[in-house]
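Structure assessment
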Amino acid sequence: MNTTQLSRPNVQALTPYQSARKLGGNGTIWLNANESPLSPNFQLSGKDLNRYPEPQPQAVVEGYAAYAGVNAENVLVTRGGDEGIELIIRAFCEPAHDAILFCPPTYGMYAVSAETANVTCKTMPLDADFQLNLEAIEAQLDGVKAVFVCSPNNPTGNLLKRSDLIKLLQMTAGKAIVVVDEAYIEFCPEASFANELQNYPNLAIIRTLSKAFALAGLRCGFVLANAELIQILSKVIAPYPIPVPSADIAAQALADTNLTVVKKRVQTTLDNRQWLADQLVALPQVEQVFPSEANYLLFKCQDGEKVFKALWDLGIILRDQNKALNLQDCIRITVGTKEECERVVEAIKQIN
């Protein structure tokens, strides 16, 4: 018996999440991971590293609570948004018994986290407008302990209808946790569900500093939820999840002076997104550019694989969505700097 055979059968069968870095590429322009194109500059506090960090760094908890408009008891700091997904599955889903439900095309880590925990995955595809099919979801809720939705949705970029999310929370009340992934909410803050926490005890919101805050390398995220749900997740999180240097930088990122910088960065991204969308839709190789409320665009080509490969060979690394459900010939592009956007458009123009 080899080592692989000693591992759990569900892990042996698992297809891991293909992160942008895992997919490789010899890039000069990286627009495949929805990162900020520019890095902020923060300083470490110089705290002693021979001591364990706070289990939940108070300055970060209070800073994010103030930023999100919730109470400190409604905030759990996690190692990126991905840990929040994992914690909810671990805390609420019994392995080999319970299920989660999600709606493809969407973020791939919901499935990977569930499959790793030996939790069943149920799917109910988004409709032709990339919106929830509530009637079909309701018919699939038996045995489901958590429903994961992403708004703005990755990779499609659209917001899910607020009225549909309210109905989803109502139909799952007392039965399942509804997890609204708001990783990109800074690009459309008026759509946040943070103000609904007091109304729906089964609501959990995933947030991150990786996108608009330009801190993908920090791996700092948050779960926002009512105090009881946060206490449940606190039972299963690691004892010291946030390293001291990460907490130092996160606290600085949440200071008022930096929040002003974040808003300016977001506006620049929105301006570049509009310019890029206008340019892409005018290209003969592009059939459609989908509306987006995030820092990326999904666009469909006559031959998406050809365009993706041609750009890849030029060192312009985008995200191929051709194999995603109902996204044949589609490519996702992160909105980079104006210069990066210009270079992408010019490169596509040269593809016969």
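All values reported here derive from a predicted model rather than from experimental measurement.

Digging into the overall build of the protein
Tallying secondary structure elements over the protein gives 12 helices and 13 strands in all. Across the 352 residues in the protein, those meeting the buried criterion constitute 53%. A sequence separation of at least 24 residues applies to 72% of the contacts in the protein between residues at least 6 apart. Here the protein has roughly 16,400 Å² of accessible surface; of this, 50% comes from carbon and sulfur atoms. Positive and negative side-chain charges in the protein, numbering 30 and 38 respectively, have mean positions lying 3 Å apart.

Quick look at helix α3 (residues 58–68)
Taken together, the buried positions of α3 are V60, V61, G63, Y64, A65 and A68. In this structure, the buried residues of α3 make contact with β2 (75–78), β7 (203–208), β8 (221–225) and α9 (244–253). Directly after α3, the chain includes G69, whose backbone phi takes a positive value near 75°.

Regarding the pairing of strand β9 (residues 286–289)
Across a regular strand the side chains alternate sides, sitting on one face of the sheet and then on the other. Relative to strand β10 (residues 296–301), β9 runs antiparallel, the two being bridged by three bridges. Pairing of Q288 across the sheet is with K300, part of β10.

Structural notes on the UniProt feature "modified residue: N6-(pyridoxal phosphate)lysine" (unreviewed entry) in the protein
According to UniProt, the positions carrying the feature "modified residue: N6-(pyridoxal phosphate)lysine" (unreviewed entry) are K211. Structurally, the position occupied by K211 is in the loop between β7 and β8. K211 sits in the buried class, given a relative accessible area of 15%. Leaving out residues up to four positions away in the same chain, K211 has contacts with A33, N34, S36, A183, Y184 and F187.

Some points on unusual backbone geometry
Going from P104 to P105, the amide bond is cis rather than trans, its omega being 0°. Tracing the sequence through the fold places P105 in the loop between β3 (99–102) and α5 (109–116). Within the chain, A96 stands out as a residue other than glycine whose phi angle is a positive 60°. Along the chain, A96 turns up in the loop between α4 (80–92) and β3. Even without glycine at this site, R219 takes up a positive phi of about 55°. Relative to the elements of secondary structure, R219 occurs in the loop between β7 and β8. A residue is classified by how much of its surface remains accessible, and R219, at 36% relative accessible area, is partly exposed.

Quick word on the UniProt feature "domain: Aminotransferase class I/classII large" (unreviewed entry) in the protein
Following the UniProt record, one finds the feature "domain: Aminotransferase class I/classII large" (unreviewed entry) at residues 43–348. Taken end to end, residues 43–348 is 38% helix and 18% strand, and its two terminal C-alpha atoms sit 40 Å from one another.

What to know about the pattern of salt bridges
The full count for this structure, using the stated rule, is eight salt bridges. Across the pair R90 and E86 runs a salt bridge, and its minimum N-O distance is 3.6 Å. Linking R90 with E86, this pair stays in helix α4, spanning four residues, or about one helical turn.

Reading the values: the criteria
Residues numbered from 1 in each chain as written. Predicted model: local features only at pLDDT ≥ 70, side-chain atom pairs only at ≥ 80, totals over all residues. Heavy atoms only, no water. Helix = DSSP H or I, 4+ residues; strand = E, 2+ residues; numbered from the N terminus. Buried < 20%, exposed > 50% of the residue type's maximum accessible area, 1.4 Å probe, protein only. Contact = heavy atoms within 4.5 Å. Areas by Shrake-Rupley, 256 points an atom, 1.4 Å probe, with all protein chains shown as cover. Lys, Arg positive; Asp, Glu negative; His and termini not counted. Charge placed at Lys NZ, Arg CZ, Asp CG, Glu CD. Pairing = 2+ DSSP bridges. UniProt positions renumbered as here; feature names shortened; annotations may be inferred. Salt bridge = Lys/Arg side-chain N within 4 Å of Asp/Glu carboxyl O.

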